[in-house]
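# A look at the structure
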Amino acid sequence: MKEELLLSLLETNARYDTKDLADVLLADEDSVIHTMNELEKKKIICGYHTIINWDKTNAHKVMALIEVEVSPERDFGYDRIAKNIYRFPEVDTMYLMSGKSEFIVIIYGKTMQEIANFVGSKLATTDHVTATSTFFVLKEYKINGVIMDEDEKNEDRLVVTP
């Protein structure tokens, strides 16, 4: 079975039925289930997520991207510093980056003030953190390949002619 194709299909839509996956992969359903379980054990498949357009709900959710500049630790580089940061429950996503800042941290909160409090009291005071820059997300247009505005989605359709 082509694991890369299976992973690509699941990345596109984690709700595909295993029978449908088996048909596409030209494999039996038990084989697909076994492969998925093995990929989960190996931490190749790390979770199944749903994309939600929070703007269309009554929930208050603020997202911030925070550039974090740090000075690396001798013998450990960035890994221990990253661990100290990503262990905060407020941290949703974290990347080591090239460029001006070493890390990008993505967090969610109910208000901008809640995020500001986290940055000021926890993140900025973490050992080896030398600077932070916080950017609040004002609107999400596209997430993981999914266009969030339905009207815009219809404009992008290709015309099919016989």
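Conventions adopted
- Residues numbered from 1 in each chain as written.
- Predicted model: local features only at pLDDT ≥ 70, side-chain atom pairs only at ≥ 80, totals over all residues.
- Heavy atoms only, no water.
- Helix = DSSP H or I, 4+ residues; strand = E, 2+ residues; numbered from the N terminus.
- Buried < 20%, exposed > 50% of the residue type's maximum accessible area, 1.4 Å probe, protein only.
- Polar contact = N/O pair within 3.5 Å; in protein donor to acceptor, adjacent residues only side chain to side chain.
- Expected span 1.5 Å × (residues − 1).
- Arc of directions from axis to C-beta.

Following the sequence through the fold, T18 ends up in helix α2 (residues 18-25). Taking the relative accessible area as the measure of exposure, T18 reaches 19% and is therefore buried. Reaching out from T18, the side chain makes a polar contact with the side chain of E29 at a distance of 2.5 Å.

This part is about helix α3 (residues 29-41). Counted at 1.5 Å a residue, the expected span for α3 with its 13 residues is 18 Å, and the 19 Å between its end C-alpha atoms agrees. Those residues of α3 lying buried are V32, T35, M36 and L39. Viewed end-on, α3 has its buried residues packed into an arc of 100°, placing them on one side of the element. Pointing more than 90 degrees away from the buried face of α3 are the exposed residues D30 and K41.

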